[in-house]
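Structural overview for review
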Amino acid sequence: MREPYRREPYRPDGRTRSPGAGRGRPAARQGARPAPRRRRPARSLRPGRAVRIAICLTSAAVMLTSGVGWCAYHWLDRGVNTSSALDALRDGAPRGRGDAVNLLLIGLDSRKDMNGNDLPKEFVQDELHAGSSDIGGYNTNTLILMHIPAGGGKVTAFSIPRDDYVEIAGGRGEHKIKEAYGIAKAEAEEKLSAQGVKGAELEHRGREAGREATLATVQRFLGVPIDHFAEVNLLGFYDIAKVVQPVQVCLKHPVRDRYSGADFPAGLQELDARQALSFVRQRHGLAGGDLDRTHRQQAFLSSVTHKLKEQGVWSDFGKLQGLFDVIKKDVVIDNRWNILDFARQAPNLTGGNAEFHTLPIEGFATRKGEAVNLVDPEKVRTLVQAMTGQKEGQREGQKAGQGDGAQVAGPQHQGGGSSGGGGDDSKGGGSAPVSPDSFQGPPVKMGGVPCVD
């Protein structure tokens, strides 16, 4: 009978085992000297494999310090909506301080998706309780600048009241600061439409113009550089709230407002996504109107970041995935923002080492038929530059012949920082002493559930 075919075992050196050889060493022939044992040459790592191993080791080290690994960052980086709007500002930006970061959060009051399509009518009215898709336009009803010191330390955030009457960048005259986005977008779309641009492309390019105008206006108004930004609309806010719901908030007084849908008792309570949107949008029935609404926004951000920390979301990629899904769908960030770097600041933002301030106004007035907030731009720049240590940075730049003549000098405080010397930005934000009365209302501290009006 013919012996069946047997496949020879594969060996790394390309040779096959001799017939009948077992797993042990083959027996030496009688009378022959045993052959010298040959050492198998070490297998060299292919370049791609070596790089992957190095990345994994680096990622593991980063995860221990930041809570978000390389894989999480690159998973988020693929598919996130990015913008190059900051490129137009960099040449004329005020000089910053070392590796400190100024991040602008933009809340867009738009009832449209990323391509300019109206959100479903029923969703806008029933879930968002935001009227119809025809109102709201492209106003930036939330503008918050977060100053993140280099090397850690206290994070300081500044809320800009949406009705502040300021000079809009690009020679567009004075308007409410919230209108910079919509004005620039409309101008750009008129020109682009004449060139035949339409549809989603028209929407995207129009929004880029709106972002550029908003960023340039805020940068000039505050007198500090903007390094990064994130933009979210009403739908994005709702989706984020839905991921983290229920969210705890605390009210000093009961409220009921038919415009926003807010109907809450006094005290500590938990809100779902729809209620959370009503909470941050209410302005009618509040003593401070829009200014009290600003404090609501600050309190909500504090509560959300506190909950994320308590649930361990920052160190759990599985829990982060739901939040990242929303970010990739609803949020726009600048194309130079390294999310991993920002994640290293999460402990400061969630651990209570952060504080919100509402920038001051000088009063109310009517301009061009609209109610506005009167502001003193020099006073605002003075406060922001003092709290961020920008004053010292500007003096250094002016000595080197790099000062921007359009900038306003810092406040007349003795000492530039917490050390009283050079204003070290690595600890405490490098801020000069500033009276709490300089701002609009008391500060809101992050790290818990603050109680607000």
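Residues numbered from 1 in each chain as written. Predicted model: local features only at pLDDT ≥ 70, side-chain atom pairs only at ≥ 80, totals over all residues. Heavy atoms only, no water.

Overview of the packing of aromatic side chains
The description of two aromatic rings rests on the distance between their centres and on the angle between their planes. Convention followed: For Phe, Tyr and Trp, rings pair up if their centres lie within 6.5 Å, where Trp contributes its six-membered ring, and each pair is then called stacked (planes under 30 degrees apart), edge-to-face (over 60) or tilted (otherwise). The helix count covers DSSP runs of H or I at least four residues long, the strand count covers runs of E at least two residues long, and both are numbered beginning at the N terminus. For every residue, the accessible area (1.4 Å probe, protein chains only) is compared with the maximum for its type, and the residue is labelled buried under 20%, exposed over 50%, or partly exposed between those bounds.
Tallied over the entire structure, the rule returns three aromatic pairs. A centroid spacing of 6.3 Å and a plane angle of 5° characterise the contact between tyrosine 138 and tyrosine 181, whose relative ring orientation is stacked. Placement of tyrosine 138 in the loop between helix H3 (121–127) and strand E3 (139–148) and of tyrosine 181 in helix H4 (residues 180–194) is noted, with a sequence separation of 43 residues between them. Residues tyrosine 138 and tyrosine 181 agree in their burial class; the two are buried. Relative to phenylalanine 439, the ring of phenylalanine 158 lies with its centre 6.4 Å away and its plane at 35°, an arrangement referred to as tilted. With a gap of 281 residues between them, phenylalanine 158 in strand E4 (residues 155–159) and phenylalanine 439 in the loop between helix H13 (390–399) and strand E16 (444–445) connect regions that are remote in the sequence.

Describing helix H7 (residues 273–281)
Quick reminder of the rule: Residue contacts are defined here by distance: any two heavy atoms, one from each residue, within 4.5 Å place the two residues in contact. Polar contacts, as used here, are pairs of N or O atoms within 3.5 Å; protein pairs need one atom able to donate a hydrogen and one able to accept it. Residues neighboring in sequence count only if both atoms are side-chain atoms.
Burial analysis of H7 places seven of its nine residues in the buried class, which makes it a mostly covered element. Among the residues of H7, Ala273, Ala276, Leu277, Ser278, Phe279, Val280 and Arg281 are the ones counted as buried. Lining the buried residues of H7 we find helix H6 (234–244), strand E8 (247–251), strand E10 (263–264), strand E11 (267–271), helix H8 (290–310) and strand E17 (451–452). One side-chain oxygen of the residue at the start of H7 lies 3.2 Å from the amide nitrogen of arginine 274, identifying that residue as aspartate 272.

Observations concerning the sheet that holds E8
The condition that has to hold: Strands are labelled as partners when DSSP assigns at least two bridges between them. Orientation is described by lines fitted to C-alpha atoms, with helices fitted over the stretch in contact, and by angles between N-to-C directions that extend from 0 to 180 degrees.
The three strands are arranged E11-E8-E17 in an open sheet whose pairing can be described as mixed. On the outer flanks of this sheet lie E11 and E17, each paired with one strand and no other. By the bridge criterion, two bridges tie E8 to E17 in an arrangement that is parallel. Counterpart to cysteine 250 in the pairing with E17 is cysteine 451. Along the sheet, H8 makes contact with E8 and E17, crossing E8 at roughly 140°.

Remarks on the pairing of strand E15 (residues 370–374)
Taken together, the five bridges between strand E14 (residues 363–367) and E15 define a ladder with antiparallel strand orientation. Bridge pairing in E15 places glycine 363 opposite leucine 374. Following E14, the chain reverses through two residues before pairing antiparallel with E15; lysine 368 in that reversal takes a positive phi of roughly 55°.

Topic: the nonpolar core
Rules: In this text, buried Ala, Val, Leu, Ile, Met, Phe, Trp, Tyr and Cys residues form a nonpolar core when linked through side-chain atoms within 4.5 Å.
Membership of the largest hydrophobic core comes to 31 residues, with the highest contact counts inside it found for Leu104, Ile160, Leu215, Val218, Phe221, Leu222 and Leu359. At the level of elements, strand E2 (101–109), E3, helix H5 (199–222) and helix H12 (377–388) are the ones that each hand at least two residues to this core. Sorting elements by how many residues they give to this core places H12 first, with five residues. When residues no more than four places from it in sequence are discounted, the contact partners of phenylalanine 221 are Ile160, Asp164, Val166, Ile177, Val375, Pro377, Val380 and Arg381. Among the nonpolar cores identified, the runner-up in size contains 28 residues, and Phe123, Ala276, Ala299 and Phe300 belong to it.

Some thoughts on the packing of H7 against H8
Which entries qualify depends on this criterion: For classification purposes, an angle smaller than 35 degrees is called roughly parallel, one larger than 145 roughly antiparallel, one from 65 to 115 roughly perpendicular, and anything else oblique. The classification used treats Ala, Val, Leu, Ile, Met, Phe, Trp, Tyr, Cys and Pro as nonpolar, Asp, Glu, Lys and Arg as charged, and all other residues, Gly among them, as polar.
Running from amino to carboxyl end, H7 crosses H8 at an angle of 140°, the nearest separation of the two axes being 7 Å. Between H7 and H8, the angle falls in the class oblique. The residues of H8 that touch H7, namely those facing Ala276, Phe279, Val280 and Arg281, are Arg293, Arg296, Gln297 and Phe300. In terms of residue class, the contact of H7 with H8 is made up of four nonpolar, one polar and three charged.

Quick look at the environment of proline 377
On the secondary structure map, proline 377 appears in helix H12. The exposure class assigned to proline 377 is partly exposed, which follows from its relative accessible area of 32%. Here the alpha-carbon distance between proline 377 and glycine 223, two residues 154 residues apart in the chain, equals 9.2 Å.

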